[in-house]
Amino acid sequence: MSLSAVIVAAAAAAEDAAAESGGLPQLDMSTWPSQLFWLAVTFGILYWLMAGRFLPAIGGAIEERRGRIADDLDQASEFRGQAEAAEDAYNQSLADAKAKAQGIAADTRAEVDAEIAEMQAETDAKLQGQLEAAEARIGEMKEEATAKVEEAAADATRAIVERLIDEAPTDDAVARAMTNIAR
Amino acid sequence: MNTFRAAGPMDQFEIVRIVDLSVGSIDVSLTNSALWMLICTGAIIAFFFTATRRAAIIPNRVQSTAEVLYEFVSDLVRDTIGPEGRKFFPYVFTLFLWILIANLFGMIPTLPGLPHEAHTFTTTSHLAVTLALSMLTITIVIVYGFWKNGIKFLKLFAPSGVPPAMYILLVPIELVSFLSRPLSLAIRLFANMFAGHIILKLFAGFVVSLVGAGGVLSVMGLLPFIGAIAVTALEFLVAFLQAYVFAILTCIYLSDAAHAADH
């Protein structure tokens, strides 16, 4: 029912169309000169503007952008090269400075070591001299003290013998006696 | 009964005089067709004028669109014709854009109640226009073909590497195929635009008739309405596709002319 209604309506519309169209307007040759004239005018003007003005401008803009991008890329890679060179130079100078610093440190250490050794040797020598002098003095004092003790012992011996036998012994006898005792 | 009567589907192709003009005895009146040619061309010029006014490294939206169109046609010409095609680029570009905009502007709906002179008109739905454009293309092909290849251009009709006996058959076929090119080119575009607009009008007419009939039939009007929407979408595709087909066939024919001697 509904489908047939559509068909009826369609048929009606198609009949209307057929009734109203008195041949194709496209085949009415009297309109052709005007169409061709205005086509030539509009198409001609458009072609003239496109070829002479618009397309070169757009193409130029596209080319310029491509050129600019290529330039920028070149420049970027150049800058990167420069940055890498700078980094290399920096590393190189850093290594140089380190080596130099180590050299200076080693030199200084050697110098200081030498100085210390010298000073130590000097001090050692000085102390050695003082030590020897002190030892010599001690030895002297020891001998002196020993001599004084012997003398005192001899005096004492002599005094004791004089008291005992009322006769003073000779120095030789005292010395002999003391030597025997000491032995 | 039909209170909502629509105009017949042929009315949209009727050419109506707006201003009578003539050069000598030739009638070059400003018609609705001429008006729409002027509107389309004016719109293209205005668009490209805006796009190229400040050609910038970083393009704005209009310039980007123009550049997309430029690259699209430029690639088409280069891929089809090769480096020799560069000199035809402005022609193919103008052709593509003129047809595309004529087709698309033909899709603008007419406001109801306007006089016939102001109705939307699809200039490419007329054989005179499409035939003129196809003849222009074929003329360029023939002139360029002979200029580039001399008499060897005729090798187009007698490809080498074929047994001589075959030429009896082959040459007429090639000749007919070559001569039918401008016709097929013209009729393809004209017929597509013509038929598409008739179908649109018929569907729209069904909607009006069915709604006007009242009752259940009014509800039935929904079907052709959906159909009209679908055909509208299809017609936008066809509008682009036919402009593209015209441009690419022009390129292929020009490529034949450029490389005729190599065949």
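Not measured: the values here are computed from a predicted model.

I'd love a proper account of the overall build of chain B, names of residues and values included.
Each helix and strand in chain B was counted, giving seven helices and four strands. Its helices and strands in sequence order give chain B the pattern β-β-β-β-α-α-α-α-α-α-α, from N to C terminus. When the backbone C-alpha atoms are referred to their principal axes, chain B occupies close to 70 × 55 × 45 Å. Once local pairs closer than 6 in sequence are excluded, the contacts in chain B between residues at least 24 apart make up 69%. For chain B, the exposed surface amounts to about 12500 Å²; the carbon and sulfur share of it is 73%. Averaging the locations of the 14 positively and 14 negatively charged side chains of chain B gives two centres separated by 5 Å.

So what's going on with the environment of B:Val129? Residues and values would help.
Residue placement: B:Val129 occurs in helix α4 (residues 127–149). Between the C-alpha atoms of B:Val129 and B:Leu189, which are 60 residues apart in sequence, the distance is 9.8 Å. Residues within four places of B:Val129 in sequence aside, it is in contact with A:Gln35, A:Leu39, B:Met37, B:Trp98 and B:Thr123.

Give a description of the confidence of the model for chain A that names residues and reports values.
Any segment with low pLDDT has predicted coordinates that should not be analysed in fine detail. Residues and elements named next belong to chain A. The predicted model of chain A has a mean per-residue pLDDT of 85, with 87% of residues at 70 or higher. When pLDDT is averaged over each element of chain A, helix α2 (residues 32–165) comes out on top at 92 and helix α1 (residues 2–20) at the bottom at 51. Every residue in residues 17–21 scores below 50 in pLDDT, and together they form six contacts with partners more than four places removed in sequence or on other chains.

Explain the confidence of the model for chain B to me, using residue names and the numbers behind them.
All names here are of chain B. Taken residue by residue, chain B gives an average pLDDT of 88. The fraction at 70 or more is 97%. Here strand β2 (residues 22–23) is the element of chain B with the lowest mean pLDDT, 82, and helix α3 (residues 89–105) is the one with the highest, 96. Taken together, the stretch residues 1–6 has pLDDT below 50 and engages in eleven contacts with residues farther than four places along the chain or on a different chain.

Could you give me a rundown of a negative patch on the surface, with the residues and numbers involved?
On the surface, A:Asp107, A:Glu111, A:Glu115, A:Glu118 and A:Glu122 cluster together to form a negatively charged patch. Relative to the helices and strands, A:Glu122 is located in helix α2.

Now, about the packing of aromatic side chains: what can you tell me, with residues and values included?
Here the structure, examined in full by the defined rule, presents 21 aromatic pairs over all chains. Relative to B:Phe153, the ring of B:Phe146 lies with its centre 4.9 Å away and its plane at 70 degrees, an arrangement referred to as edge-to-face. When the ring of B:Phe190 is compared with that of B:Phe194, the centres are 5.5 Å apart and the planes differ by 20 degrees; the resulting orientation is stacked. Here B:Phe190 pairs with B:Phe194, and both are found in helix α5 (residues 167–213), just four residues apart, close to one helical turn. Judged by its relative accessible area of 10%, B:Phe190 falls in the buried class. Since its relative accessible area comes to 12%, B:Phe194 is described here as buried. An aromatic cluster of three or more residues is present, and its members are A:Phe54, B:Phe47, B:Phe48, B:Tyr70, B:Phe89 and B:Phe93.

Tell me about the packing of α2(A) against α4(B), and please be specific about residues and values.
How two helices sit against one another is set out by the angle between their axes and by the gap between those axes. Two numbers describe how α2(A) lies on α4(B): the axes approach to 9 Å, and their chain directions differ by 50 degrees. Taken together, the axes of α2(A) and α4(B) lie oblique to each other. Every pair of crossing elements has a handedness; the one defined by α2(A) and α4(B) is right-handed. Along the contact surface, α2(A) presents A:Trp32, A:Gln35, A:Leu36, A:Leu39 and A:Phe43, while α4(B) presents B:Leu127, B:Ala128, B:Val129, B:Leu131, B:Ala132, B:Leu133 and B:Leu136.

Provide a residue-level description of the interface of chain B and chain A, including the pertinent values.
With 59 residues of chain B in contact, the opposing surface of chain A contributes 44 residues. Carbon and sulfur atoms supply 77% of the area that chain B and chain A bury against each other, a total of about 4500 Å² over both sides. Between chain B and chain A we count two salt bridges in total. B:Glu71 is the salt-bridge partner of A:Arg66, the closest N and O atoms lying 3.3 Å from each other. If you look at where chain B meets chain A, you find nine residue pairs in polar contact (both at pLDDT 80 or more). Listing elements by their share of the side of chain B that touches chain A, those giving two or more residues are β3 (26–27), β4 (30–31), α1 (32–53), α2 (61–81), α3, α4, α5 and α6 (216–220) of chain B. Here the residues of the side of chain B that touches chain A are counted per class, giving 42 nonpolar, eleven polar and six charged.

I'd like to hear about the nonpolar core, residue by residue, with values.
Ranked by internal contacts, the top residues of the largest apolar core, which has 60 residues, are A:Met50, B:Phe48, B:Val92, B:Phe93, B:Leu97, B:Trp98 and B:Leu133. Among the elements that take part in this core, α3(B) stands out by supplying twelve residues, more than any other. Setting aside residues up to four positions removed in sequence, B:Leu97 forms contacts with A:Met50, B:Ile44, B:Phe48 and B:Leu69. Of all hydrophobic cores here, the second largest spans eight residues; its members include B:Met10, B:Phe13, B:Leu127 and B:Ala128.

Which residues make up the environment of A:Ala154, and what values do they have?
Residues and elements named next belong to chain A. In this fold, Ala 154 is placed in helix α2. The sequence separation of Ala 154 and Gly 23 amounts to 131 residues, and the corresponding C-alpha distance is 180 Å. Apart from residues lying up to four places away in sequence, Ala 154 is in contact with Val 174 and Met 178.

Cut-off values and rules
- Residues numbered from 1 in each chain as written.
- Chains lettered and ligands numbered in written order.
- Predicted model: local features only at pLDDT ≥ 70, side-chain atom pairs only at ≥ 80, totals over all residues.
- Heavy atoms only, no water.
- Helix = DSSP H or I, 4+ residues; strand = E, 2+ residues; numbered from the N terminus.
- Contact = heavy atoms within 4.5 Å.
- Areas by Shrake-Rupley, 256 points an atom, 1.4 Å probe, with all protein chains shown as cover.
- Lys, Arg positive; Asp, Glu negative; His and termini not counted.
- Charge placed at Lys NZ, Arg CZ, Asp CG, Glu CD.
- pLDDT = per-residue confidence, 0-100.
- Patch = residues over 30% accessible without salt bridge, like charges linked within 9 Å, V, L, I, M, F, W, Y side chains within 5 Å.
- Salt bridge = Lys/Arg side-chain N within 4 Å of Asp/Glu carboxyl O.
- Phe/Tyr/Trp six-rings, centres within 6.5 Å; stacked < 30°, edge-to-face > 60°.
- Buried < 20%, exposed > 50% of the residue type's maximum accessible area, 1.4 Å probe, protein only.
- Axes fitted to C-alpha atoms, helices over the stretch in contact; angles between N-to-C directions.
- Parallel < 35°, antiparallel > 145°, perpendicular 65-115°, else oblique.
- Left-handed = near helix turned anticlockwise from the far one by under 90°.
- Buried area = accessible area lost by both parts, 1.4 Å probe.
- Polar contact = N/O pair within 3.5 Å; in protein donor to acceptor, adjacent residues only side chain to side chain.
- Nonpolar A, V, L, I, M, F, W, Y, C, P; charged D, E, K, R; others polar.
- Core = buried A, V, L, I, M, F, W, Y, C linked by side-chain atoms within 4.5 Å.

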